[in-house]
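The lines below spell out each chain.
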Amino acid sequence: MKKLILLATFISLAFFSCKDKEGDLNPNDSGTQNLASSTPENRTVVLEEYTGVRCTYCPDGHRRAQSFADAHPGKVILINVHTGNYATPSPGWPDFTTNYGAALATKSGMGQPGTGYPGGSVSRNTFASEPTVTSYKMAAGAQYTLLNRGGWWNSTNSTSPAGDIILAKPAPVNVGIKVKSYNEATREVKLMVELYFTETVSDGALLNVALLESEVKGKQIDAGVTNANYMHKHMLRDLLTGQWGESISAAECVKGNRVKKEYTYVIAAKDKNSVDINVANCDFAAYVSSNTNNDIYNGKEISVK
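Residues numbered from 1 in each chain as written. Predicted model: local features only at pLDDT ≥ 70, side-chain atom pairs only at ≥ 80, totals over all residues. Heavy atoms only, no water.

## Notes on the overall build of the chain
- From N to C terminus, the chain includes five helices and 14 strands.
- Burial status across the chain gives 49% buried among its 305 residues.
- Once local pairs closer than 6 in sequence are excluded, the contacts in the chain between residues at least 24 apart make up 70%.
- Carbon and sulfur atoms form 54% of the exposed surface of the chain, whose accessible area is close to 14200 Å². (Helix = DSSP H or I, 4+ residues; strand = E, 2+ residues; numbered from the N terminus. Buried < 20%, exposed > 50% of the residue type's maximum accessible area, 1.4 Å probe, protein only. Contact = heavy atoms within 4.5 Å. Areas by Shrake-Rupley, 256 points an atom, 1.4 Å probe, with all protein chains shown as cover.)

Here's what the structure looks like:
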């Protein structure tokens, strides 16, 4: 009898102490699990790379960014934003631009004197108080976030620590994301995003949800050579929450509070080039920025399938 009691106690303790890799058990929802952990964590980097198919140095940026993500699995979200003259459609070249790219690039400082492609924003941080990053800033002006590709992250160069600086910063909010359902016939996705604030963000915040696609075959100039079968990755396809995200009020951005959002979205069958969008290669990225659109606090990425 004592053995049975001990066994029952062990099973009970094991059940009530379980956590999944995403979040904690939700005691108010019949044992279901929250998507965002309540344990404070450091930031995930969101690297927005401004690129174009006719930009000869852009593939070097792609490779540098990919090396960063490979070195920190699950902690780096890459978003390749096709915009600017090098991405402007020309006869025989693919059009990977979106309605959002120009404003994102302009906000970063692209187009200011001395800027060019590729350029990137590392979590939209200005690095105003980080002298080791200053030399990599492409746009003069404390408000700009644009860095050249040497400043995003370089495992062999300790003077370009932008990515590492963000990875070491505590996040005031944790992000969880889950594909609740996907309908093969209609291509409709039901997506759940949850935020848990580990610190109060007094000015409010903005929640962004992006659709990305990888393994998209298309022309690309690479170091002066046209590659007709270049595989484009992490390509921004759409922003479900619009240009600058969905507003999360200051009243919601309070330490210990959870914010839950659900989105219903239909993934287009084809892109501007009448090329199939392969859902198996698509991801959703959810990330939270300040209410000024700078300084991305944290994010999470998940495959559609």
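## Points about the packing of aromatic side chains
- All told, the structure shown has three aromatic pairs when counted by the stated rule.
- With a centroid separation of 5.9 Å and an interplanar angle of 75 degrees, the aromatic rings of Tyr86 and Tyr117 are classed as edge-to-face. Of the two residues, Tyr86 is situated in the loop between β2 (76–82) and α3 (101–108) and Tyr117 in the loop between α3 and β3 (119–122); the sequence distance between them amounts to 31 residues.
- Given the relative accessible area of 38%, Tyr86 is considered partly exposed.
- Sitting above the plane of the Trp93 ring, Lys219 keeps its charged end 5.1 Å from the centroid. (Phe/Tyr/Trp six-rings, centres within 6.5 Å; stacked < 30°, edge-to-face > 60°. Lys NZ or Arg CZ within 6 Å of the ring centre and 35° of its normal.)

## Description of the pairing of strand β10 (residues 235–239)
- With respect to burial, β10 is a largely interior element, five of its five residues being buried.
- Note: strand β7 (residues 205–213) against β10, four bridges, orientation antiparallel. Within the sheet, the bridge partner assigned to Glu213 lies in β10 and is Met235. (Pairing = 2+ DSSP bridges.)

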